[in-house]
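Examining the three-dimensional arrangement
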Amino acid sequence: MADADNGDNSAACVESGEEEYRMETVPFDPRFPNMNQTKHCYVSFLDYHRCIKARGEDYAPCQYFQRVFRSLCPNAWVAKWEEQIEAGTFAGKI
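So, here is what we can say about the structure in this document. (Residues numbered from 1 in each chain as written. Predicted model: local features only at pLDDT ≥ 70, side-chain atom pairs only at ≥ 80, totals over all residues. Heavy atoms only, no water.)

1. Focus on the state of the cysteines
Applying the stated criterion to the full structure yields two disulfides. Between Cys-41 and Cys-73 runs a disulfide, and the two sulfur atoms are separated by 1.9 Å. Here Cys-41 and Cys-73 share a disulfide; its torsion about the S-S bond, 120 degrees, makes the bridge right-handed. One end of the pair, Cys-41, is in helix 1 (residues 38–55); the other, Cys-73, is in the loop between helix 2 (62–72) and helix 3 (75–87), and 32 residues separate them in sequence. The disulfide partner of Cys-51 is Cys-62, and the S-S distance across this bridge is 1.8 Å. Between Cys-51 and Cys-62, the S-S torsion sits near -80 degrees, and that sign places the bridge as left-handed. Residue Cys-51 is found in helix 1, and its partner Cys-62 is found in helix 2; the two are separated by 11 residues along the sequence. The class of Cys-51 is buried, set by a relative accessible area of 13%. Here Cys-62 falls in the buried class, since its relative accessible area comes to 0%. Along the chain, the cysteines that take part in disulfide bonds pair up as 1-4, 2-3, counted in sequence order. (Disulfide = S-S within 2.5 Å. Helix = DSSP H or I, 4+ residues; strand = E, 2+ residues; numbered from the N terminus. Buried < 20%, exposed > 50% of the residue type's maximum accessible area, 1.4 Å probe, protein only.)

Shown next, in the form of structure tokens:
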């Protein structure tokens, strides 16, 4: 169902039982203008982990990066990266 309040088709409300979730697409980021969003996925994953490392998991602005990488990245990639972080073998600088 499209968001009728502002006429924008990029957001939708989904009712699930008692709760209502707002589904949104990732906003445009001028650092990643091309259609291939692989780098945007990876950088958002790194930014999220850097943010929680610096500010803690309760810092609300970090959740933006989490929403972006959860939306763009395949679940298998995220699971593999999380395993690598736990094992200390992740190649990215966090």
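2. Some details on the packing of aromatic side chains
Counting across every chain of the model gives eight aromatic pairs. Consider the rings of Phe-45 and Phe-69, whose centres lie 5.1 Å apart with planes at 80 degrees: the pair is edge-to-face. In this pair, Phe-45 sits in helix 1 while Phe-69 sits in helix 2, placing the two residues 24 residues apart along the sequence. Phe-69 carries the same exposure label as Phe-45, and that label is buried. Ring centres of Tyr-48 and Phe-69 lie 5.6 Å apart, and the angle between their planes is 50 degrees; this geometry places the pair in the tilted category. You can see Tyr-48 sitting in helix 1 and its partner Phe-69 sitting in helix 2, a full 21 residues away along the chain. The pair formed by Tyr-48 and Phe-69 is uniform in burial state, with each residue classed as buried. Connected via pairs of aromatic rings, a cluster forms that spans Tyr-42, Phe-45, Tyr-48, Phe-69, Trp-77, Trp-81 and Phe-90. Seen from the ring of Tyr-59, Arg-55 lies directly overhead, with NZ or CZ sitting 4.9 Å from the centre. (Phe/Tyr/Trp six-rings, centres within 6.5 Å; stacked < 30°, edge-to-face > 60°. Lys NZ or Arg CZ within 6 Å of the ring centre and 35° of its normal.)

Limitation: the analysis is restricted to geometry and does not speak to function.
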